[in-house]
Amino acid sequence: MAKAPKPRRIQTLSKAPTGIAGLDAVTQGGLPRGRPTLVSGRAGCGKTVLGLEFVVRGAVEFEEPGLIVSFEESAEELTANVRSLGFDLDDLCARKKLAVEFVSVERHEIEETGDYNLDGLFVRLGHAIDSLGAKRMLLDTIEALFAGLTNLGILRAELRRLFRWLKSKGVTVVLTGEQGEGAFTRQGLEEYVSDCVISLDVKLAHHVATRTLRVVKYRGSSHSPDEYPFLITDRGVTVMPITSLGLAHEASSERISSGSAAVDELLGGKGFFRGSTVLVSGAAGTGKTSAAAYLANSACKRGEKCMYFAFEESPQQLIRNMRSIGIDLAPFVKKGLLRVEATRPSLFGLESHLAASLNAVNEFDPAVVIVDPITDFVSLGSTYEVRSMMTRLVDHLKSRGITALMTSLDSTNASKSEEEVGVSSLIDTWIVAELVEVAGERNRAISVLKSRGMPHSNQIREFLLGPRGLELVPVYRGPGGFLSGSARRAQQTADDATSSTGNGS
Amino acid sequence: MTPPRARPSRRHATKKRVASEDKEFFQLRLYVAGRTSRSQAALQNLKMICESHLQGQYRIEVVDLLVNPQLAKGDQILAVPTLVRLLPPPVKKIIGDLSHIERVLVGLDVRPLPRGAVS
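Residues numbered from 1 in each chain as written. Chains lettered and ligands numbered in written order. Predicted model: local features only at pLDDT ≥ 70, side-chain atom pairs only at ≥ 80, totals over all residues. Heavy atoms only, no water.

Regarding the overall build of chain A
Selection criterion: Strands here are runs of E lasting at least two residues and helices are runs of H or I lasting at least four, both read from the DSSP assignment and numbered beginning at the N terminus. Relative accessible area decides the class of each residue, using a 1.4 Å probe on protein chains only: under 20% of the type maximum gives buried, over 50% gives exposed, and in between gives partly exposed. In what follows, a contact means two residues having at least one pair of non-hydrogen atoms within 4.5 Å. Every accessible area reported is derived by Shrake-Rupley at a probe size of 1.4 Å, with residue values counting cover from the shown protein chains alone.
Scanning chain A from terminus to terminus reveals 15 helices and 25 strands. In chain A, which comprises 505 residues, the proportion classed as buried is 53%. Sequence separation of 24 or more characterises 69% of the internal contacts of chain A that already satisfy a separation of 6 or more. Summing over all exposed atoms, chain A offers an accessible surface of approximately 22400 Å²; the carbon and sulfur share of this is 52%.

The structure is reproduced here in structure tokens:
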């Protein structure tokens, strides 16, 4: 193959980039240029939106004028629908970048007698393509013809002729089709379109819907055959390739303070690596959110931006509560250095959360991101799905060099719960906060379970949360082992007493 | 809703108009694409049917979409030949070469036997 007789390199299939986030990665460059692509799925899967976005983005981003042929919605309805995705069809039409053709097929007013062909449609489409110089086209959905015309023999022959003709015109076509029983489309459109087939689906799990996209077939091109979650937001379609991010991010050796001298002390006195991922896990009331607030506080004090995803507290509640340990976050919010995004985890599905978070991060461009807590996501999907989501989130943050701190609620004190095991490999620094129950009181203890690439303390340290913040209490290690709270004080008093009497004698 | 359109081509237009107030007037438009044998057949069939059933109360206008492609939009023409009954309302469409006379008459809402036509 290397010694090919022809001097030219083998031409790979030319592709038309879709401009849709993620889809170009999945299709490795876009849809086959000058050929038809079938998008199939059940009603409400987002077929029309995907096709519309392909055509509109072609006109806006790639200087390829597009024709939208709708057999179901009038131009007015389409314009209204696309406006919700942030595109102004009227403006694009006025600038001759786009044209909308509404082809109405009304069965009840058509009588058939004798032989015919679909030259009327051909002439109409040809005229629209030529007067616009259209390079892209959406046919939504040509199946309507099957409802309007009864002579299937003629119709099928004409459809075959239509797609041959469109190929000869060099138009990149997306056609939508309703999914049928055991076939991609009810009317077998895949018979005419053999170049590229994309299948859309909506899956329900725990009452939350997740849209998925799969490239079933792509003739002449390698593609990723996996199923990818995708979203339809106010910015259009976002496909999330699970594997598009890797482990290629840069590793900074800069250290940033955790905001708490006590935590820094545990980490060799310098704090976290910039761009690392920190997990703070512990039982309820062990001070996880406080640790998060410390980091936010120190980042904002350095003039860096911080994004705080709060899934349990409202921004006001968070700010009020943090004042009790001597941290006032309100001025930073006012200055625009701190943004608190508070939502309930159960509000949407995992993928929506991920996309919303990534969009927010991309927009705000923070240096520090806090997710408080990640535990609630576990209720939204299987362990695999949660892990996949967390991986993508962590990869994304790392690739942008963002320091991330996540908190995780530990119901047992064992710090080995399933969700943590799932994400532990993603974590660079893992701090465990525990409640130690001794002599009728619960005392807070903190330790560093792991911290990649830095020397760290191996001690479990008692700490106090008060108006002066997080304070480590000097360790007591005596013959009785690790003591905390009043037991430590009692032991210290006893020790002091013995040592003073010892001195006195 | 439809924009003002250009005047259709009248190259093959056939006018037969006889004043008859008691009968409905049929305004018909036949869309074709080029002078194919099918379009010629459709026009022949249509003329024949009109002459035998609608004498003096019809007008046929022929639109060639290859000459005026922009006219396909207005009447939502998919297939050719398509016969559009513009008058009397409602608008009706018959597609095909009009070779089946009975079906054309049904499509046009023309009663083949005027004697039986009461109500």
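Okay, back to it.
Describing the sheet that holds strand 23 (residues 469-472) of chain A
Residue and element names in this part refer to chain A. We apply this condition: The criterion for strand pairing is that DSSP finds at least two bridges linking the strands in question. For every element, the axis is a line fit to its C-alpha atoms; helices are fit only across the contacting stretch, and the angle between N-to-C directions ranges from 0 to 180 degrees.
Strands sit in the order 17-16-18-19-15-20-21-22-23 across an open sheet of nine strands; the sheet is mixed. Where the open sheet ends on each side, the last strands, each with one partner, are strand 17 (338-342) and strand 23. The sheet shows a mean angle of 25° between the axes of neighbouring strands, direction not considered. Where strand 20 (residues 429-438) meets strand 21 (residues 441-451), 10 bridges bridge the pair, whose relative direction is antiparallel. Residue Ile431 lies in a different strand from strand 21, and its bridge partner there is Val448.

Structural notes on the interface of chain B and chain A
Here is the rule: Simply put, the buried area is the total loss of 1.4 Å probe accessible area from both parts when two parts are fitted together. In what follows, salt bridge is the name for a side-chain nitrogen of Lys or Arg lying within 4 Å of a carboxyl oxygen of Asp or Glu.
Chain B puts 27 residues into the contact, and the matching count from chain A is 24 residues. Summed over both partners, the interface of chain B with chain A comes to about 2200 Å²; 56% of that surface belongs to carbon and sulfur atoms. On the chain B side of the interface with chain A, the three residues burying the most area are B:Gln76, B:Leu78 and B:Ile95, jointly 31% of the side's total. Linking chain B with chain A are three salt bridges. Taking the shortest distance from any N to any O, the salt bridge between B:Lys73 and A:Glu101 comes out at 3.3 Å.

Some words on the side chain of A:Asp264
All names here are of chain A. Put simply, the rule reads: In this count, Lys and Arg are taken as positive residues and Asp and Glu as negative ones, while His and the chain termini are left out. Polar contacts, as counted here, are pairs of nitrogen or oxygen atoms within 3.5 Å of one another; within protein the pair requires one atom able to donate a hydrogen and one able to accept it, and residues that are adjacent in sequence qualify only if both atoms are side-chain atoms.
Turning to its location among the elements, Asp264 is positioned in helix 8 (residues 261-266). One buried charged residue, Asp264, remains without a salt bridge, the closest side chain of opposite sign being Arg255 at 7.7 Å. A polar side-chain atom of Asp264 sits 2.7 Å from a polar atom in the side chain of Ser258. Once residues lying within four places of it in the same chain are set aside, the contact partners of Asp264 are Ser257, Ser258, Gly259, Gly269, Lys270 and Gly271.

Observations regarding the pattern of salt bridges
Residues and elements named next belong to chain A. Per the stated rule, a full pass over the model turns up 29 salt bridges over all chains. A salt bridge links Asp428 to Arg452; its shortest N-O distance comes to 3.1 Å. Taken as a pair, Asp428 in the loop between helix 14 (418-423) and strand 20 and Arg452 in the loop between strand 21 and strand 22 (461-466) lie far apart in primary sequence, 24 residues in all. Look at Arg452 and you get partly exposed, because its relative accessible area is 38%. A single network of salt bridges, built from pairs that share partners, joins Glu254, Arg274, Arg302 and Glu304.

With respect to the packing of helix 12 (residues 350-364) of chain A against helix 13 (residues 383-399) of chain A
All names here are of chain A. Cut-off, in case you're wondering: These descriptions rest on fixed angle ranges, namely under 35 degrees for roughly parallel, over 145 for roughly antiparallel, 65 to 115 for roughly perpendicular, and the rest for oblique. Three residue categories are used. Nonpolar comprises Ala, Val, Leu, Ile, Met, Phe, Trp, Tyr, Cys and Pro, charged comprises Asp, Glu, Lys and Arg, and polar comprises the others, including Gly.
In the contact formed by helix 12 and helix 13, the axes pass within 10 Å of each other and the chain directions differ by 5°. In terms of orientation, helix 12 lies roughly parallel with respect to helix 13. Between helix 12, through Leu350, Glu351, His353, Leu354, Ser357, Leu358, Val361 and Asn362, and helix 13, the contact on the second element is made entirely by Glu385, Val386, Met389, Arg392, Leu393, His396 and Leu397. Among the residues making up the contact of helix 12 with helix 13, the classes are represented as eight nonpolar, four polar and three charged.

Observations regarding helix 7 (residues 152-168) of chain A
Residue and element names in this part refer to chain A. Put simply, the rule reads: To estimate how far a helix should reach, multiply one less than its number of residues by 1.5 Å.
The end-to-end C-alpha distance of helix 7, which contains 17 residues, comes to 24 Å, matching closely the 24 Å that a straight helix rising 1.5 Å per residue would cover. Here the buried face of helix 7 lies against strand 3 (36-41), helix 5 (119-132), strand 7 (136-140), helix 6 (144-148) and strand 8 (172-178). Its side-chain oxygen placed 3.3 Å from the backbone nitrogen of Gly153, Asn151 serves as the N-cap of helix 7. Note on helix 7: the residue one or two positions beyond its end, Gly170, has a positive phi of about 75°.

Here's the deal with the pairing of strand 12 (residues 236-239) of chain A
Residues and elements named next belong to chain A. In terms of strand pairing, strand 11 (residues 227-233) meets strand 12 through four bridges, oriented antiparallel. Bridging from a neighbouring strand, Thr233 pairs with Gly236 of strand 12. What sits between strand 11 and strand 12 in their antiparallel hairpin is a turn of two residues.

Remarks on the packing of helix 5 of chain A against helix 7 of chain A
All names here are of chain A. Here is the rule: Handedness of each helix crossing follows the sense of rotation of the near helix against the far helix: counterclockwise by less than a right angle gives left-handed, clockwise gives right-handed.
Here helix 5 crosses helix 7 at 20°, and the two axes come no closer than 11 Å. Judged on the interaxial angle alone, helix 7 and helix 5 are roughly parallel. With respect to the hand of their crossing, helix 5 and helix 7 are arranged in right-handed fashion. In this structure, helix 5 contributes Asp119, Phe122, Leu125, Gly126 and Ile129 to the contact, and helix 7 contributes Glu158, Arg161, Leu162, Trp165 and Leu166. In terms of residue class, the contact of helix 5 with helix 7 is built from six nonpolar, one polar and three charged.

Some remarks on the packing of aromatic side chains
Residue and element names in this part refer to chain A. Using the following cut-off: Ring geometry is summarised as follows: Phe, Tyr and Trp rings, the Trp one being its six-membered ring, pair when their centres sit within 6.5 Å, and such pairs are stacked at plane angles under 30 degrees, edge-to-face over 60 and tilted between the two. Our definition puts a charge over a ring when NZ of Lys or CZ of Arg is within 6 Å of the ring centre and also within 35 degrees of the ring normal.
Across all of its chains, the model carries one aromatic pair over all chains by this definition. Aromatic pair Phe122 and Trp165: ring centres 5.1 Å apart, planes at 35°, arrangement tilted. With Phe122 in helix 5 and Trp165 in helix 7, the pair connects residues that are 43 residues apart, well separated along the chain. According to the relative accessible area criterion, Trp165 is partly exposed, its value standing at 21%. Geometry around Phe54 places Arg136 over its ring, the cationic atom sitting 4.3 Å from the centre. The residue whose ring lies beneath Arg161 is Phe122, and the NZ or CZ to ring-centre distance is 4.3 Å.

What to know about helix 2 (residues 47-61) of chain A
Residues and elements named next belong to chain A. In this model, helix 2 (15 residues) spans 21 Å end to end at C-alpha, consistent with the 21 Å of a helix rising 1.5 Å per residue. For helix 2, a buried count of 11 out of 15 residues is recorded, marking the element as mostly surrounded by other parts of the structure. Where helix 2 is concerned, the buried positions are Lys47, Leu50, Gly51, Leu52, Glu53, Phe54, Val55, Val56, Arg57, Gly58 and Ala59. Directly after helix 2, the chain includes Glu63, whose backbone phi takes a positive value near 55°.

Observations regarding unusual backbone geometry
Residue B:Val80 is joined to B:Pro81 through a cis peptide bond whose omega torsion reads -5°. Residue placement: B:Pro81 occurs in the loop between helix 2 (71-74) and strand 4 (82-87). Of note in this structure, A:Lys96 is not a glycine but carries a positive phi near 60°. Despite not being glycine, B:Gln76 has its phi angle at roughly 50°, a positive value. Note on B:Gln76: relative accessible area 16%, which makes it buried.

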